[in-house]
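Structural characterization, general
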Amino acid sequence: MEFELDTGNTAWLITASSLVLLMTPGLAFFYGGMVRGKSVLNMMMMSFASIGVAGLIWVVYGYGLAFGPDLGGFIGNPAGLIGLTVDNAASPTTAMGIPALVFAGFQATFAIITVALISGAIADRVKFGTWIVFSAIWVTVVYAPLAHWVWGGGMFGADGWLASALSLPIDFAGGTVVHINAGAAALALALVIGKRKGFGTEAMRPHNLPFVMLGAGLLWFGWFGFNAGSELAADGTAGRAWVNTLVATAVAMLAWMTTEKFRDGSATSLGAASGVVAGLVAITPAAGTVDSWGAIVIGLVAGVLCSLAVGLKYKFGYDDSLDVVGVHLVGGLVGTILIGFFATNGRYDSFYFEGSLNGLFYGGGVTQLLTQIVAALVAVVYSFVLTYIIGLALKATLGWRVSEEAEVSGIDLAVHGETAYENSGSTITEVR
Amino acid sequence: MKLVTGVIQPHRLDDVKTALEGAGVRGMTVSEASGYGRQKGHTEVYRGAEYTVDLVPKVRIEVLVTDEDVTAVTDAIVGAAQTGKIGDGKVWVVPVEDVARVRTGEHGDAAL
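None of these values were measured; they are calculated from a predicted model.

A look at the interface of chain B and chain A
In this assembly, eight residues from chain B lie in contact with 17 residues from chain A. When the two sides are added together, the surface that chain B and chain A hide from each other amounts to roughly 1,000 Å², 58% of it contributed by carbon and sulfur. Summed over the shared surface of chain B and chain A, the result is two salt bridges. A salt bridge links R47 of chain B to D323 of chain A; the nearest nitrogen and oxygen atoms lie 2.9 Å apart. At the junction of chain B and chain A, the tally comes to five residue pairs in polar contact (both at pLDDT 80 or more).

And the structure:
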């Protein structure tokens, strides 16, 4: 196909990419506020490190793995795309008139945030070097294949086996690739790495709720780029995604607060911030594919279910420290599966992808619902199993845990040689 | 000389300061403190996990006074800090051997 530049689409996607990149520092605040004051810097650094590692890998070969020519439906061939030597006439965005480099940059920001999301499950206790190595392996072995399956012409694409067997699975902006993927990986790592010392017995309440609110606000802002940008065009469907990202999130926040009010007695700021993220997660795969009513139901279900799911870790005894499973895995499943009920192909400026069907409530029967369930389950199993194996391999080689003493006295000082809030009583002893 | 220390509800601080100024006190030290007495703490819930917060925020006021001012100063603090509810705090007095003013090197009552 011949490439003809569309400046409107291109300008929007560059803008959207910048919005999505801001989500990762936003996540650093969201997560950082939730940990104890002695480990806030480490928590924030895990997010920032993801920008470093995934950003580099994406440019060198990650984009090629995800979006290179298809190899067996599983992975792309990166050979011709190393260092982003991309061709505008052979990009998923050629038809939209968006240069290949702009799309590659947009996709980089998705890889970055997905890695960063996992870190919340393993707060306060892991070696920074092991996290860096894990990030590099995970984005290569787990993230890039999933991105390829769904968006890179792999097995969940129009030519894949699921589209032939049932219908084309719908993942508008990353319910499977980003949220189910990060949530399942978080569960695997939480199980491999084990609990924080004192989990369930010592107080580990969030040290800075204003940080959590700030982070949730930045995430919501950036998420408009994530969802409305995923239309890959400045058009009405992008507007549909934008509006759904507003209303589903608004409802999820209200739903989480209401659940808390009845169960615990108060609507909390942490609950509001958590509801915001749960709603954003759930509407992600559906953003451009459901109408406003579908978005409202998705937000409602996500807000209630996620607020209940965050208690599972105490029942089952795994330390998913900041509820990546309860929010991202559960929220991702809610959105991905509810598409099977609410998908409205091509109506009200919604997205139309040839091969996908309307949802059960919109006259499409159960086929799309089954498709969504199969895609979600494959993503859960692949991400969980591969992450578990990577986690075990790193446990046996580099080791995951910092010493118990470092964990108790604070990982910030032990691992990064600095503290967030201890400002007095120091003298300068050497300068280099 | 005596050291009068009051641990009070943080929201009573302004009234206590005004009352102390009215009693002729010209200086004091105020610091944030936390603790509990008979009121114990309260509970907070974070994502369904309930925490009992047994140390609650208080303000500590310290005033150095001459022996004859002790009663007036103590009464001023108690009068201004009192709300009648559990958790209002305590005021206590201990003897002080000596006080020195750093700027001038004066000792004793002259340094107050």
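On we go.
Let's talk about the UniProt feature "modified residue: O-UMP-tyrosine" (unreviewed entry) in chain B
Feature annotation in UniProt places "modified residue: O-UMP-tyrosine" (unreviewed entry) on Y51 of chain B, given in this structure's numbering. If sequence neighbours within four positions are ignored, Y51 of chain B has contacts with A203, M204 and R205 of chain A together with H42, T43, E44 and Y46 of chain B. For Y51 of chain B, the side chain forms a polar contact with the main-chain nitrogen of M204 of chain A, separated by 3.3 Å.

Re the sheet that holds strand β1 (residues 2-8) of chain B
Two modes of strand pairing occur in sheets, parallel and antiparallel, and in both the strands are linked by backbone hydrogen bonds. Residue and element names in this part refer to chain B. Ordered by their spatial adjacency, four strands build an open sheet running β2-β5-β1-β6, and the pairing between neighbours is antiparallel. The sheet terminates laterally at β2 (29-35) and β6 (89-95), the two strands that pair on one side only. Across the sheet, the axes of successive neighbouring strands diverge by a mean angle of 20°, strand direction being ignored. Contacts from helix α1 (residues 13-22) reach β1, β2 and β5 (56-65), with the element oriented near 10° to β5. Strands in contact with helix α2 (residues 70-81) are β1, β5 and β6; relative to β1, the strand with the most contacts, it is inclined by about 5°.

A few points about the side chain of N208 of chain A
All names here are of chain A. Tracing the backbone through its elements, the reader meets N208 in the loop between α6 (175-193) and α7 (209-229). The buried category is assigned to N208, whose relative accessible area is 17%. Of the polar contacts made by the side chain of N208, one reaches the backbone nitrogen of F211; its length is 3.0 Å. Non-local contacts of N208, meaning those with residues more than four positions away in its chain, are made with G33 and Y421.

Here is what the cut-offs are and how they apply
- Chains are numbered independently. Their residues run from 1 in the order of the written sequence.
- Numbering of ligands from 1 and lettering of chains from A proceed in the order in which they are written.
- Given that the model is predicted, a residue must reach a pLDDT of at least 70 before its local features are reported, and side-chain atom pairs must reach 80 or more before they are shown or counted; all residues, however, enter totals for whole chains, interfaces and linings.
- Hydrogens are left out, water is left out, and the side-chain values use all remaining heavy atoms of the structure.
- In what follows, residue pairs with any heavy atoms lying within 4.5 Å of each other are defined as contacts.
- The buried area of a pairing is the accessible area, by a 1.4 Å probe, that goes missing from both parts when the two are put together, added over both.
- When a carboxyl oxygen of Asp or Glu lies within 4 Å of a side-chain nitrogen of Lys or Arg, that pair is called a salt bridge.
- Identification of polar contacts relies on pairs of N or O atoms within 3.5 Å, with a donor-acceptor requirement for protein atoms, meaning one able to donate a hydrogen and the other able to accept it, and with residues adjacent in sequence counted only if both atoms are side-chain atoms.
- UniProt positions are given in the numbering used here, feature names are shortened, and annotations may be inferred rather than shown by experiment.
- By the convention used here, strands pair only if DSSP detects at least 2 bridges between them.
- Helix and strand labels come from DSSP, where a helix needs a run of H or I of at least four residues and a strand needs a run of E of at least two; each type is numbered from the N terminus.
- Fitted lines through C-alpha atoms serve as axes, helices being fitted only where they are in contact, and the angles separating the N-to-C directions of these axes extend from 0 to 180 degrees.
- Exposure is judged per residue with a 1.4 Å probe applied to protein chains only, and the accessible area is read against the type maximum: over 50% gives exposed, under 20% gives buried, and values in between give partly exposed.

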